[in-house]
Amino acid sequence: MAWLPETLFEIVGQGPAPSKDYYQLLVTRSQVIFRWWKISLRSEHRSAKPGEAKDTHEEFLENSHLQVQIALIFGARVLDYVFNLCEGKFDFLERLSDNLLLSIISYLDLEDIARLSQTSRRFAKLCMSDELWEKIVHSCCDTITPDMRALAKDMGWRQMFFTNKLQLPRQIRKRKQKQGSHRTGHL
């Protein structure tokens, strides 16, 4: 647990309509902190001071009133996530940096990359990223020529990877012809 950051989770938002009240939920290594700011045009509420409730993880798991507040403001999924954090259930993959995940993903088989891309928005984005496919192309090709790099810049590394090796020289030639016609067309 020592390697975890002090703040495990933070979210801010407004209460459900018609409320304009503002809320913050913060989960640290040891506490759940719930803060609120009353926003009102009514004179009797203008002087209301911001509020704060602090519970240890254990206290939060028993505090049904605070749990209901969090579910109403941030939704059941956020409440479930906070519950898991308080019970010590962490999503360790979620805590890894994109660069580290890209390095790991680059060692997977194509079928596994396709499956992984369906697990979450984050993994879908990573599995389709140019950075990943550039790593994969580099691991499959002995040399990357400047022409190949320029073609990959135009079409994307993923598309380049799936381009038939017999078609690659043809694609590079087409790209050069296109550039040549653009240069002469602008004169």
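Everything quoted here is computed from the prediction, not taken from an experiment.

(A) Spatial organisation of a positive patch on the surface. A contiguous patch of positive charge, built from Arg-170, Arg-173, Lys-174 and Lys-178, is present on the exposed surface. Secondary-structure assignment places Lys-174 in helix α11 (residues 168–185).

(B) View of the side chain of Asp-55. Turning to its location among the elements, Asp-55 is positioned in strand β4 (residues 51–56). Here Asp-55 is buried and forms no salt bridge, its nearest opposite-charge partner Lys-54 lying at an N-O distance of 11 Å. A polar contact of 2.9 Å, which involves the side chain of Asp-55, links it to the side chain of Asn-63. Leave out the neighbours within four places in its chain, and Asp-55 touches Ser-30, Gln-31, Val-32, Phe-60, Asn-63 and Leu-66.

(C) Fine view of the packing of helix α5 (residues 98–105) against helix α8 (residues 130–140). Contact pair α5 / α8: the axes reach a minimum separation of 9 Å and the direction vectors enclose 40°. Crossing geometry of α5 relative to α8 is assigned as right-handed. Of the residues in α8, those in contact with Leu-102, Ser-103 and Ile-105 of α5 are Glu-131, Leu-132 and Lys-135.

(D) Examining a nonpolar patch on the surface more closely. Where nonpolar side chains cluster on the molecular surface, the patch consists of Val-12, Tyr-22 and Ile-39 and spans about 260 Å² of accessible area. The topology assignment puts Ile-39 in the loop between β3 (31–37) and α1 (43–46).

(E) Representation of the packing of aromatic side chains. Overall, the coordinates contain 8 aromatic pairs when judged by the stated rule. Centre to centre, the rings of Tyr-22 and Trp-37 are 5.4 Å apart; their planes meet at 55°, and the pair counts as tilted. Taken as a pair, Tyr-22 in strand β2 (residues 22–28) and Trp-37 in strand β3 lie far apart in primary sequence, 15 residues in all. Taking the relative accessible area as the measure of exposure, Trp-37 reaches 29% and is therefore partly exposed. Pairing Trp-133 with Phe-161 gives two aromatic rings, centres 5.3 Å apart and planes at 50°, and the pair type is tilted. Separated by 28 residues along the polypeptide, Trp-133 in helix α8 and Phe-161 in helix α10 (residues 157–162) bring together distant segments of the chain.

(F) Molecular detail of α5. Along α5, the positions that sit buried rather than exposed are Leu-101, Leu-102 and Ile-105. In a view along the axis of α5, the buried residues occupy a sector of 100°, so they form one face of it.

(G) A look at the sheet that holds β2. Taken together, the 4 strands give an open sheet; going across it, the order is β1-β2-β3-β4, and neighbouring strands pair in antiparallel fashion. Strands with a single pairing partner mark the edges of an open sheet, and in this sheet they are β1 (7–14) and β4. On average, each strand axis in the sheet is inclined to that of its neighbour by 10°, with strand direction left out of account. By the bridge criterion, 6 bridges tie β3 to β4 in an arrangement that is antiparallel.

Conventions used here
Residues numbered from 1 in each chain as written. Predicted model: local features only at pLDDT ≥ 70, side-chain atom pairs only at ≥ 80, totals over all residues. Heavy atoms only, no water. Patch = residues over 30% accessible without salt bridge, like charges linked within 9 Å, V, L, I, M, F, W, Y side chains within 5 Å. Areas by Shrake-Rupley, 256 points an atom, 1.4 Å probe, with all protein chains shown as cover. Salt bridge = Lys/Arg side-chain N within 4 Å of Asp/Glu carboxyl O. Lys, Arg positive; Asp, Glu negative; His and termini not counted. Charge placed at Lys NZ, Arg CZ, Asp CG, Glu CD. Helix = DSSP H or I, 4+ residues; strand = E, 2+ residues; numbered from the N terminus. Buried < 20%, exposed > 50% of the residue type's maximum accessible area, 1.4 Å probe, protein only. Polar contact = N/O pair within 3.5 Å; in protein donor to acceptor, adjacent residues only side chain to side chain. Contact = heavy atoms within 4.5 Å. Axes fitted to C-alpha atoms, helices over the stretch in contact; angles between N-to-C directions. Left-handed = near helix turned anticlockwise from the far one by under 90°. Phe/Tyr/Trp six-rings, centres within 6.5 Å; stacked < 30°, edge-to-face > 60°. Arc of directions from axis to C-beta. Pairing = 2+ DSSP bridges.

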